[in-house]
Amino acid sequence: MARIQYNNESGFLGAPLNGTDTTSTITFGGSYAPNFATITGTDYIPLVLDAGTQFMEIVWLTAYTAGNFTGTITRGAEDTAHWPVVPHGQMPSATGNKWACAATTWDFPQVSYMGYRTTAMNLTSSAMTNIPIDTTWSYSGGIVEFLGAIVFGTAGFYMVEATASIHESADGHSANGYRYFLSVYQTGVEVLRGVDTGQLADPLGLTCSGMVDIPVGGSADYLSLYAYNGYPTQVVPINVNSPQVNCTIRIAQIAPYN
Amino acid sequence: MARLFYNNASGQLGATLGSSIGNTTITFATVPPFATVGSPDYIPLMVYGGLGTIYGFEIVYLTAYTAGNLTGTVLRQAEDSGNWLVSPHAAGSTWANVPTILDKTQVSWRGYRNAALNLANGTATLIPMDTANWTTGGAYALTISATQGLECNLTGWYQVNAAFGISKAYALDERYFASIQVSGSEWLRGDDRGTEDATGPAAGNNNDIWTASGLVYMVAGVDYIGFYGYNNSGSSSALAVGQPFLTRLDVTLMEVA
């Protein structure tokens, strides 16, 4: 799916649109067809109807053949709480019934999440263990913690950074040099793995970072934090002192899912 | 290079801007609120007769301007020339310093190494990615190259995250590191460390990982990113491949220059 946008594309409607449909045929008015290429696959072009008026509506042009004066639109495609499906008249009108390919708030994502774990827990010996996040530090744009995982309200490309710290010598032995690493799972599948380290330190810090794509907002996709404990005979506790430093996940949307 | 923007900067032309690509002097009707501009910085300007005008729309770059002046030098048809070619603009036409679709171009690539590859001992080896998880950016998308890595098609600052895994039975303290090169010059180096586990990797989760990440600047049509793995273990080392979380690379445009 790609969100396609053009410079300097706007005009008037050639036929009215009702205020009830979820999908409509849009008719572009005037003597010139829009300068859009044929839309393929799941790509779409966001259009704003009657911008600057109380009848503003954002629609997605989902089917269009280059040179044509009609296409298929999804009605009420964005921000329907403020701007639901409404009727649109047609020219001649000096003040309204205009369409424009323009940026919307969708194009300026401010979607981020920072959370951490404050509750003590152990990493199972010789296994990957889920580290549920239990405290949200900040969030915006619909990302929330749910049952220890991070759920997304908006599809997009996200930068993820995670940290964890473990007490490697919690059993009373000196740091042992066994191997540990931190991973990020997307909907149950490992997608990012951090440095695999067993350096002789206590506490031992682990990090993991990279980009992930979340193709569907809502509960379809979620991220979870995991750590691997390579100590063959011993569980290892997570270090939850200063949890906002030591056991965190930080996520920011870089771009909407285009 | 910086792409400069000002709030509420628009006006009219004080003289005709001709139809030739060589007509590079722009004349403002009133003094714009710009500070002095010089290479490599520029200010993108849309010049047009009004929204919805079929002809006469053009994006130019103000590349040379002295604060307080009524004239400056522009690069004609600087963007989107497939749709909007150089065209004449009469005195009184509108100019505006506003974002264009270039400012929200989403260039991102992520992929991983699927085919087997060895890191030669005593040197840094290019790790070409051979499987894409995603590619975005249309005409500006990064281009995968087996010999260079990822080639840049839009000038700007890019966030890079890379990792490789080693899959071999190794001894303690064998040295590796991950490195990002831009056009053949090392730009980012990750943690330089030896292996810690003398027992070596077993199956499944036991592929040791090295990472490198940071920001790089690349010029379209000139620069490319190469992801390298340095091996000083004493022998050739096989990469851990075949999974998106093992030997991987992601590159994302953060800001257009």
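Just so it is clear, the model here is predicted, and its values are computed rather than measured.

## Let's talk about the overall build of chain A
Phase 1: Within chain A, the regular secondary structure consists of 1 helix and 19 strands.
Phase 2: A compact globule built from 258 residues should have a C-alpha radius of gyration of about 18 Å, whereas chain A, at 25 Å, is more than 25% larger.
Phase 3: Reported as C-alpha extents along the three principal axes, the dimensions of chain A are approximately 85 × 30 × 25 Å.
Phase 4: Across the 258 residues that make up chain A, the buried fraction comes to 39%.

## Re the confidence of the model for chain A
Close inspection of predicted coordinates is inappropriate in any region flagged by low pLDDT.
Phase 1: Of the residues in chain A, 90% reach a pLDDT of 70 or more, and the chain-wide mean stands at 87.
Phase 2: Across chain A, strand E5 (residues 70-74) of chain A holds the top mean pLDDT of 98, while helix H1 (residues 243-246) of chain A sits lowest at 77.

## As for the sheet that holds E5(A)
Each strand in a sheet pairs with its neighbour through backbone hydrogen bonds, running either in the same direction (parallel) or in the opposite one (antiparallel).
All names here are of chain A.
Phase 1: With antiparallel pairing, 6 strands are arranged side by side in an open sheet as E1-E6-E3-E4-E5-E2. Only two strands of the sheet have a single partner each, and these edge strands are strand E1 (10-12) and strand E2 (23-27). Across the sheet, the mean angle from the axis of one strand to that of its neighbour is 35°, orientation sign disregarded.
Phase 2: In the sheet, strand E4 (residues 57-64) pairs with E5 via 4 bridges, with the strands oriented antiparallel. By the bridge assignment, Tyr 64 is partnered in E5 with Gly 71.

## With respect to the nonpolar core
All names here are of chain A.
Phase 1: Membership of the largest hydrophobic core comes to 80 residues, with the highest contact counts inside it found for Val 160, Ala 164 and Ala 227.
Phase 2: By residue number, the principal contributor to this core is strand E13 (residues 156-166), which donates 7 residues.
Phase 3: Setting aside its immediate chain neighbours within four residues, Ala 164 contacts Ile 131, Leu 182, Leu 206, Ala 227, Ile 238, Asn 246 and Cys 247.

## Describing the environment of Leu62(B)
Residues and elements named next belong to chain B.
Phase 1: Along the polypeptide, Leu 62 turns up in strand E4 (residues 58-65).
Phase 2: Along the chain, Leu 62 and Asp 80 lie 18 residues apart, while their C-alpha atoms are 16 Å from each other.
Phase 3: Not counting chain neighbours up to four residues away, the residues in contact with Leu 62 comprise Ile 26, Val 37, Tyr 42, Ile 43, Leu 45, Gly 72 and Val 74.

## Brief notes about the pairing of strand E19 (residues 248-256) of chain A
Phase 1: In this sheet, E19(A) lies alongside strand E7 (residues 112-116) of chain A in antiparallel orientation, the contact comprising 5 bridges. Of the residues in E19(A), the one forming a bridge with Ser112(A) is Ala252(A).

## Observations regarding the sheet that holds strand E5 (residues 71-75) of chain B
Residue and element names in this part refer to chain B.
Phase 1: Spatially, 6 strands are ordered E1-E6-E3-E4-E5-E2 in an open sheet, and the strand pairing comes out antiparallel. Where the open sheet ends on each side, the last strands, each with one partner, are strand E1 (10-12) and strand E2 (25-27). Averaged over all pairs of adjacent strands, the angle between strand axes in this sheet comes to 40°, irrespective of strand direction.
Phase 2: Bridge count for strand E3 (residues 43-48) against strand E6 (residues 94-96) is 3 bridges, and the pairing is antiparallel. In the strand pairing of E6, Met 46 is matched with Ala 96.

The rules behind these values
- Residues numbered from 1 in each chain as written.
- Chains lettered and ligands numbered in written order.
- Predicted model: local features only at pLDDT ≥ 70, side-chain atom pairs only at ≥ 80, totals over all residues.
- Helix = DSSP H or I, 4+ residues; strand = E, 2+ residues; numbered from the N terminus.
- Rg over C-alpha atoms; globule rule 2.2 N^0.38 Å.
- Buried ≥ 20, exposed ≤ 12 C-beta atoms within 10 Å, placed from the backbone.
- pLDDT = per-residue confidence, 0-100.
- Pairing = 2+ DSSP bridges.
- Axes fitted to C-alpha atoms, helices over the stretch in contact; angles between N-to-C directions.
- Core = buried A, V, L, I, M, F, W, Y, C linked by C-beta atoms within 7 Å.
- Contact = placed C-beta atoms within 7 Å.

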